[in-house]
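# What the coordinates show
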Amino acid sequence: MSSPDTKMAHISRRMLSAKAEQFTESVIREMTRLALKHGAVNLSQGFPDFAAPEEIKEAARQAISDNINQYAITWGAKPLRDAIVEKFERTQGVKYDPEREITICCGSTEAMMSAMMAIINPGDEIVVFEPFYENYGPDAILSGATPRFVKLRTPDWSFDEKELAAAFGPHTKAIILNTPNNPTGKVFTRAELEFIRDLCVRWNAYCITDEIYEHILYDGAEHISMARIEGMRDRTIVINGLSKTYSVTGWRVGWVLAPPEPTQPIRKVHDFLTVGAAAPLQQAGASAMRFPQSYYDKLASSYLTKRERLLKILTVAGFTVFKPRGAYYIMTDISGFADPDPVRFQADTKDVRFAKYLVEEIGVAVVPGSSFYNNAQDGASQVRFTFCKKEETLAAAEERLAKLHA
Ligand code: GLN
């Protein structure tokens, strides 16, 4: 006879993965669930709440009608591989072989995980700039890498060269770079990339570069891919996807550009994880990659308007804002606000209490700063807002944030 209790007793910790136990569910994704639960304006998870371009939607409908509904080649449909390689050469001036140097994955999330699992061995270290996009923590744990964190410092998110140099060593397998950066909006300059290049060469390390926000740039900032820096073409692993550039985060189409040697294991890991990304959406992606330059210019200028709008809303509401030069997030400092009631809004750090208060009482969802740091205390006075939202959504947030008292 087995009661529910004895059944539970069988599922001891030994029966669960010790790796999975080391990280929590995504706070970013959780904030979206809380926003829905409390009817809050969702400025937490970075996905557009406006329509994707008509042309890309039509291309997807057409692909399904044209019977592109079975598996694509595991490492990606040829038209998409060709189109990505063509666009990368057009925009960054670097050539890749679509037969041997690209893998299409289920979103850049899978692309990053497949890349890490394909190159990491026990004892390997990775260098990660902090604050970092939440996923890189679990990526490191699941692939078995030990992260070495290097701070990006407010107000301009610059790093200390000595601190970065000290994070590299004989066990360094790779540095993870994300430019334009989530959550800070930093766009790494050529000089910074060259400094990183010198360390990668000195320690024989890869640079894994997440370039998903490549077209979302402000104030004349230029996106320079690490693959374009002299001497880095063959030690760079470029991660990107359709999600942010074409406002289709739910399609889950991403990719990895890398030299043939790492591409081989990346393709194997990818194949056994997911087999392949949705075939009709890969087909639609191929046509999107050929959008004219005016599409990308409009994308950046529409996000510029939204950035200005949210900067103003947040400043008026009493936040200290760090103006982003790229991507679609604003990191803020909440030191000017009182700590919400710790009995009602229980959490270890102020940012989490503040985010709970904001979603439940004010009706706006944000991401607590600690989600982007290894040590929660380091993000305790920050929260992240996103502005990839319709004007109505930003206006609703403005109205609600007016109830806040700095
Ligand atoms: N990149 C987005 C963010 O930081 C969300 C990504 C995701 O949830 N997969 O909010």
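Let us look at the structure shown here. (Residues numbered from 1 in each chain as written. Predicted model: local features only at pLDDT ≥ 70, side-chain atom pairs only at ≥ 80, totals over all residues. Heavy atoms only, no water.)

## Thoughts on the overall build of the protein
Check the secondary structure of the protein and you find 14 helices and 13 strands. Relative to the compact-globule value of 22 Å for 406 residues, the protein shows a C-alpha radius of gyration of 21 Å, a close match. Across its three principal directions, the C-alpha atoms of the protein cover 60 × 60 × 55 Å. For the protein, the proportion of its 406 residues judged to be buried stands at 55%. Within the protein, contacts between residues separated by at least 24 positions form 73% of all contacts whose residues are at least 6 apart in sequence. When the accessible surface of the protein is split by element, carbon and sulfur atoms take 54% of a total near 17,900 Å². When the 48 positive and 51 negative side-chain charges of the protein are each reduced to one mean point, those points stand 1 Å apart. (Helix = DSSP H or I, 4+ residues; strand = E, 2+ residues; numbered from the N terminus. Rg over C-alpha atoms; globule rule 2.2 N^0.38 Å. Buried < 20%, exposed > 50% of the residue type's maximum accessible area, 1.4 Å probe, protein only. Contact = heavy atoms within 4.5 Å. Areas by Shrake-Rupley, 256 points an atom, 1.4 Å probe, with all protein chains shown as cover. Lys, Arg positive; Asp, Glu negative; His and termini not counted. Charge placed at Lys NZ, Arg CZ, Asp CG, Glu CD.)

## Describing the site of the ligand
The environment of the ligand is formed by Ile28, Arg29, Gln45, Gly46, Tyr133, Asn182, Tyr213, Lys244, Tyr329 and Arg384. Arg29 has a polar side-chain atom sitting 2.9 Å from an oxygen atom of the ligand. In isolation the ligand offers 300 Å² of accessible surface; the protein chains occlude 88% of this area. Here the residues of the shell around the ligand sort into four nonpolar, three polar and three charged. (Near = heavy atom within 4 Å. Polar contact = N/O pair within 3.5 Å; in protein donor to acceptor, adjacent residues only side chain to side chain. Nonpolar A, V, L, I, M, F, W, Y, C, P; charged D, E, K, R; others polar.)

## Notes on helix H11 (residues 279-288)
The buried fraction of H11 is high, at eight of 10 residues. On the buried face of H11, the contacting elements are helix H4 (54-65), helix H5 (78-92), strand S2 (102-105) and helix H12 (293-317).

## Focus: the packing of aromatic side chains
Under the definition given, this model contains 26 aromatic pairs. Ring centres of Phe354 and Tyr357 lie 6.4 Å apart, and the angle between their planes is 45°; this geometry places the pair in the tilted category. Of the two residues, Phe354 and Tyr357 are both situated in helix H13 (residues 350-362); the distance of three residues between them amounts to about one turn of the helix. Owing to a relative accessible area of 1%, Phe354 belongs among the buried residues under this scheme. You can call Tyr357 partly exposed: its relative accessible area is 22%. One aromatic cluster in this structure is built from Phe50, Tyr213, Tyr218, Tyr303, Tyr328, Tyr329 and Phe387. Positioned above the aromatic ring of Phe188 is the side chain of Lys186, whose terminal nitrogen or guanidinium carbon lies 4.8 Å from the ring centre. Looking at Arg233, its charged tip hangs above the ring of Tyr96, at a distance of 4.0 Å from the centre. (Phe/Tyr/Trp six-rings, centres within 6.5 Å; stacked < 30°, edge-to-face > 60°. Lys NZ or Arg CZ within 6 Å of the ring centre and 35° of its normal.)

## Observations regarding the packing of helix H6 (residues 107-119) against helix H7 (residues 136-143)
Geometry of a packed helix pair, given as the angle between the helix axes and the separation of the axes. Between H6 and H7, the shortest axis-to-axis distance is 9 Å and the interhelical angle comes to 35°. Of the two elements, H6 crosses H7, and the hand of that crossing is right-handed. Note on element contacts: H7 touches H6 through Tyr136, Pro138, Asp139, Ala140, Leu142 and Ser143, opposite Met112, Met113, Met116 and Met117. (Axes fitted to C-alpha atoms, helices over the stretch in contact; angles between N-to-C directions. Left-handed = near helix turned anticlockwise from the far one by under 90°.)

## What to know about unusual backbone geometry
Here the amide bond leading from Thr154 into Pro155 is cis, since omega sits at 5°, within 30 degrees of zero. Along the chain, Pro155 turns up in the loop between strand S4 (146-151) and helix H8 (161-167). A cis amide bond links Asn182 to the next residue, Pro183, at an omega of 15°. You can see Pro183 is positioned in the loop between strand S5 (172-178) and helix H9 (190-202). Even without a glycine there, the phi angle at Asn67 is positive, about 70°. Take Asn67: it is sitting in the loop between H4 and H5.

## Brief notes about the sheet that holds S4
Across the sheet, seven strands lie side by side as S2-S8-S7-S6-S5-S3-S4; this open sheet has mixed pairing. Here the strands that pair on one side only, and so sit at the sheet edges, are S2 and S4. When the angles between neighbouring strand axes are averaged without regard to direction, this sheet yields 20°. Sheet topology note: the strand S6 (residues 206-210)/strand S7 (residues 236-241) ladder contains four bridges and is parallel. Looking at S7, one finds that Cys207 is bridged to Thr236. Together, S2, S7 and strand S8 (254-257) form the strand contacts of H5, whose direction differs from that of S2 by roughly 115°. (Pairing = 2+ DSSP bridges.)

## Notes on the environment of Glu360
You can see Glu360 is positioned in helix H13. Its relative accessible area of 35% is what places Glu360 among the partly exposed residues. When the C-alpha atoms of Glu360 and Lys37 are compared, they prove to be 9.2 Å apart, with 323 residues separating the residues in sequence. Ignoring any residue separated from it by four or fewer positions in sequence, one finds Glu360 in contact with His38, Arg344 and Phe345.

## Focus on a nonpolar patch on the surface
Where nonpolar side chains cluster on the molecular surface, the patch consists of Ile11, Met15 and Leu16 and spans about 300 Å² of accessible area. Note that Ile11 resides in the loop between helix H1 (4-10) and helix H2 (18-21). For Ile11, a relative accessible area of 47% corresponds to the partly exposed category. (Patch = residues over 30% accessible without salt bridge, like charges linked within 9 Å, V, L, I, M, F, W, Y side chains within 5 Å. Salt bridge = Lys/Arg side-chain N within 4 Å of Asp/Glu carboxyl O.)

## A few points about the pairing of S7
Buried residues dominate S7, accounting for six of its six residues. Residues Thr236, Val238 and Asn240 of S7 are buried on one face, and the alternating residues Ile237, Ile239 and Gly241, pointing to the opposite face, are buried as well. Looking at chain direction, S7 and S8 are connected through four bridges and run antiparallel. Residue pairing for S8: Asn240 is matched across the bridge by Trp255.

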